[in-house]
Amino acid sequence: MEVPLNAETSRRSLLRSIGVAGGAGVLYSTMGAMGLAPVPTAEAAPYKPPSQSDFTLTGRGRKKVVVLGAGIAGLAAAYELGKAGYDCRILEAKNRPGGRNWTARGGTSETDLDGRTQRGRFSEGQYMNCGPGRLPQSHVTLDYCRELGVELEAFVNANADAYIYHDAAPALAGKPMRWRTAKADVYGYISELLAKATDQGALDAALSQADKDRLISFLQSFGAIKGKADGFKYTGSSRRGYSVEPGAAHERGTVLGPVPSLSDVLASGVGQRFSFEFGYDQAMMMFQPVGGMDAIPKALERAVGRHRITYEAWATGVANVPGGVEVSWKDRSGRERVERADFCVVATPPHIAARLRHNLGANVTSALKTPTPLAVGKIGLEYRRRWWEADDHMYGGVVPTDLDLATLWFPSTGYQGRRGTVIGYYHFGAQAETYGKLTPEERTKRAVDQGVKIFGERYRKELDTSFSVAWHRTPGFEGGWVGWPNQDGPEYKLLNEPQGNVYFSGDWLSHTIAWQHGAFTSARKVVTEIHQRVMAA
């Protein structure tokens, strides 16, 4: 059953429903992905990749490693081990590399768990990043892009000319508000209130007179408020934008107005949106690979060697055996096969790994079932005309809403071109569950009907084609990411340790769940442990 959203409960209600459904761990992971929770800092030693010289100098033999899953963690593990000459083989259930790093284009085909097949009909040069879509500057993902020659471009995460849309707020509802306008009004009124309180002695116990003077001076600049003689009033400024742009000769421009009341600004709830851009892993600048996020797994595939990856290979079991491991899998014809190796790296989602036949013990199965997969959905809408640029002068950016769309993303590439692809929703939890039950055609209709509320009928009339993904209904994944009830608990600790000659890896075994950085760093950890073990033998 759908949970209706309004301004009071839009993001708060979403997070609350996720917390109820999946517990604190899922909630915290979701907040991290939304940029609403800090990322813990790990005091890890600098990564030192294994080298071929480690073998030639010691006389030790290279080992064979089977990796289950050609997602980022699996590809990175095989890539790093391959540098030292390990004999790595990857078994991947899908027909492509990348896992959740998946870019849909014209010709993309996917059949979901309900038997519904979609075929991408995007035009040449248009695409949709179905999974990860942005890269923070601090993440090791950028280091791999440099190393692998993946070209980057800016991703417009925050845009002063993007919109905020609240449909059910007690005030200012039903009309899109520019981010700059909302911020000017919120900052202005908060500055007015704090300046008045400071001047009237409310902070005398905490501030000296000099401190108060400095604070008021800051607030006048921060909020564009008037001086003491005018009661520190906020009356609006050019920061809100212009209804008529300044121009030549005598055109001074017309500042946008009228300014809503303090009560309306607070009731609108727009100020709750600003925390998004303060998130450590959401702050500008952010980046994206040129031409689609899947440029990263494609580069890893080339570096690992296409011949080392077997696609459409469904792993069915893993077992410790004398001298190493034994992996069973089915090929595309359904024939059961067995692979022997010295080590195995299981780089699949934990709830998928829990279904493998194994002899690792019941506690491992229980641990793999502990993290909860989260429903996540996205839709790409290709438009025949880039009306958001031509009509609204909005070049990229994220548009938050209190609709069940959650957020919309406008493209950060192809500016002033003829066509463009908008992410028409990116949502989690109950919203994603609701859309996931619909057919692809029904998802498009519902998403467009909602988007028309913000952008008018052009949002419907200019649409050419669409493609959607419900990660919780996608074979091989069955969730966008997972959340742990407790990453200090015994289950998390157990799976971060080798189980005989079997290792687990993925973003789910990191403190940056839902980011490729988590997959890369988890892979590095496993690579280091395997190599140290081989060198010590």
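Residues numbered from 1 in each chain as written. Predicted model: local features only at pLDDT ≥ 70, side-chain atom pairs only at ≥ 80, totals over all residues. Heavy atoms only, no water.

### Topic: unusual backbone geometry
Selection rule: A helix here means a DSSP run of H or I that spans at least four residues, while a strand means a run of E at least two residues long, and both kinds are numbered starting from the N terminus.
Note that the residue after glycine 257, namely proline 258, is joined by a cis bond; omega there is -5 degrees. Take proline 258: it is sitting in the loop between strand S12 (254–255) and helix H7 (262–268). A cis amide bond links methionine 284 with the next residue in sequence, methionine 285, at an omega value of 0 degrees. Locating methionine 285 in the fold gives a position in the loop between helix H8 (275–278) and strand S13 (286–289). Its identity is not glycine, yet alanine 224 carries a phi of approximately 55 degrees, on the positive side. Summarising the element assignment, alanine 224 is placed in the loop between helix H6 (209–223) and strand S11 (242–244).

### Overview of the pairing of strand S21 (residues 376–383)
Counted only if it meets this: In this scheme, a residue with accessible area under 20% of its type's maximum is buried, one over 50% is exposed, and one in between is partly exposed, where area comes from a 1.4 Å probe on protein chains only. By this definition, two strands are paired if DSSP reports at least two bridges between them.
Buried residues dominate S21, accounting for 8 of its 8 residues. Burial of S21 is two-sided: the residues Val376, Lys378, Gly380 and Glu382 facing one way and the residues Gly377, Ile379, Leu381 and Tyr383 facing the other way are all buried. Bridging between S21 and strand S24 (residues 420–428) involves 8 bridges; their strand directions are antiparallel. If you follow glycine 380 over to S24, its bridge partner there is isoleucine 423. Sheet topology places S21 next to strand S25 (residues 463–470); 7 bridges connect them, and they run antiparallel. In the strand pairing of S25, leucine 381 is matched with serine 466.

### Comments concerning the pairing of S13
The alternating pattern of S13 places Met286 and Gln288 on one face and Phe287 and Pro289 on the opposite face, and all of these are buried. Where strand S7 (residues 135–136) meets S13, 2 bridges bridge the pair, whose relative direction is antiparallel. Along S13, the bridge assignment pairs leucine 135 with phenylalanine 287. Strand direction decides the pairing type here: strand S8 (residues 152–155) and S13, joined by 4 bridges, are antiparallel. Within the sheet, the bridge partner assigned to phenylalanine 155 lies in S13 and is methionine 286.

### Points about the side chain of arginine 443
For clarity, the cut-off: Charge assignment: positive for Lys and Arg, negative for Asp and Glu; neither His nor the chain ends contribute. The term salt bridge refers to a pairing of a side-chain nitrogen on Lys or Arg with a carboxyl oxygen on Asp or Glu at a separation within 4 Å. Should any heavy atoms of two residues lie within 4.5 Å, those residues are considered in contact.
Structurally, arginine 443 can be placed in helix H14 (residues 440–455). Buried within the structure, arginine 443 lacks any salt-bridge partner; aspartate 112 is the closest side chain of opposite charge, at an N-O distance of 4.0 Å. When near neighbours in sequence (up to four residues on either side) are disregarded, arginine 443 contacts Asp112, Arg116, Gln118, Ile379, Tyr425, Tyr435, Gly436, Leu438, Ser468, Val469 and Ala470.

### Points about a nonpolar patch on the surface
Worth spelling out the cut-off: Candidates for patches are residues over 30% relative accessible area with no salt bridge; among them, like charges are joined within 9 Å and nonpolar side chains (Val, Leu, Ile, Met, Phe, Trp, Tyr) within 5 Å. Each accessible area is a Shrake-Rupley estimate made with a 1.4 Å probe; only the visible protein chains count as cover when residues are assessed.
A grouping of Ile190, Leu193 and Leu266 is seen on the molecular surface, where their side chains present a nonpolar patch of about 270 Å² in accessible area. Tracing the sequence through the fold places leucine 193 in helix H5 (residues 179–199).

### Here's the deal with the sheet that holds strand S14 (residues 309–311)
To be explicit about the condition: To define axes, lines are fitted to C-alpha atoms, for helices over the stretch in contact only, and angles between the resulting N-to-C directions are given on a 0 to 180 degree scale.
Read from one edge of the open sheet, 5 strands run S14-S2-S1-S18-S27, paired in parallel fashion. In the strand order of this sheet, the two ends are held by S14 and strand S27 (502–504), each with one partner. Within this sheet the neighbouring strands show an average axis-to-axis angle of 20 degrees, counted without direction. The pairing of strand S18 (residues 343–346) with S27 spans 3 bridges and is parallel. Each residue of the ladder has a partner; that of valine 346, found in S27, is phenylalanine 504. Most of the contacts of helix H3 (residues 72–83) go to strand S2 (residues 87–92), to which it runs at about 165 degrees, and overall it touches strand S1 (64–68), S2 and S14.

### A short note on the UniProt feature "domain: Amine oxidase" (unreviewed entry) in the protein
Formally: UniProt positions are given in the numbering used here, feature names are shortened, and annotations may be inferred rather than shown by experiment.
Mapped onto the present numbering, the UniProt feature "domain: Amine oxidase" (unreviewed entry) falls at residues 72–530. Along residues 72–530 the backbone is 31% helical and 23% strand, and the end-to-end C-alpha distance reaches 18 Å.

### Some thoughts on the packing of aromatic side chains
Put simply, the rule is: Only centres within 6.5 Å qualify two rings of Phe, Tyr or Trp (six-membered ring in Trp) as a pair; their planes then separate them into stacked at under 30 degrees, edge-to-face at over 60, and tilted for everything else. Charges are assigned to positions over rings by a cutoff of 6 Å between ring centre and Lys NZ or Arg CZ, combined with an angular limit of 35 degrees from the ring normal.
In this structure the tally under the stated criterion is 31 aromatic pairs. Between tyrosine 189 and tyrosine 234 the ring centres are 5.0 Å apart and the planes differ by 70 degrees, which places this aromatic pair in the edge-to-face class. Here the residue tyrosine 189 occupies a position in helix H5, and tyrosine 234 occupies one in the loop between H6 and S11, the gap between them amounting to 45 residues. For the pair tyrosine 189 and tyrosine 234, one class covers both residues: buried. Members of the aromatic cluster, each reached through a chain of ring pairs, are Tyr163, Tyr383, Trp387, Trp388, Phe410, Phe455 and Tyr459. In this structure, lysine 183 is placed above the aromatic ring of phenylalanine 274, and the distance from its NZ or CZ to the ring centre is 5.7 Å. The side chain of lysine 378 reaches across the aromatic face of tyrosine 426, ending 4.8 Å from its centre.

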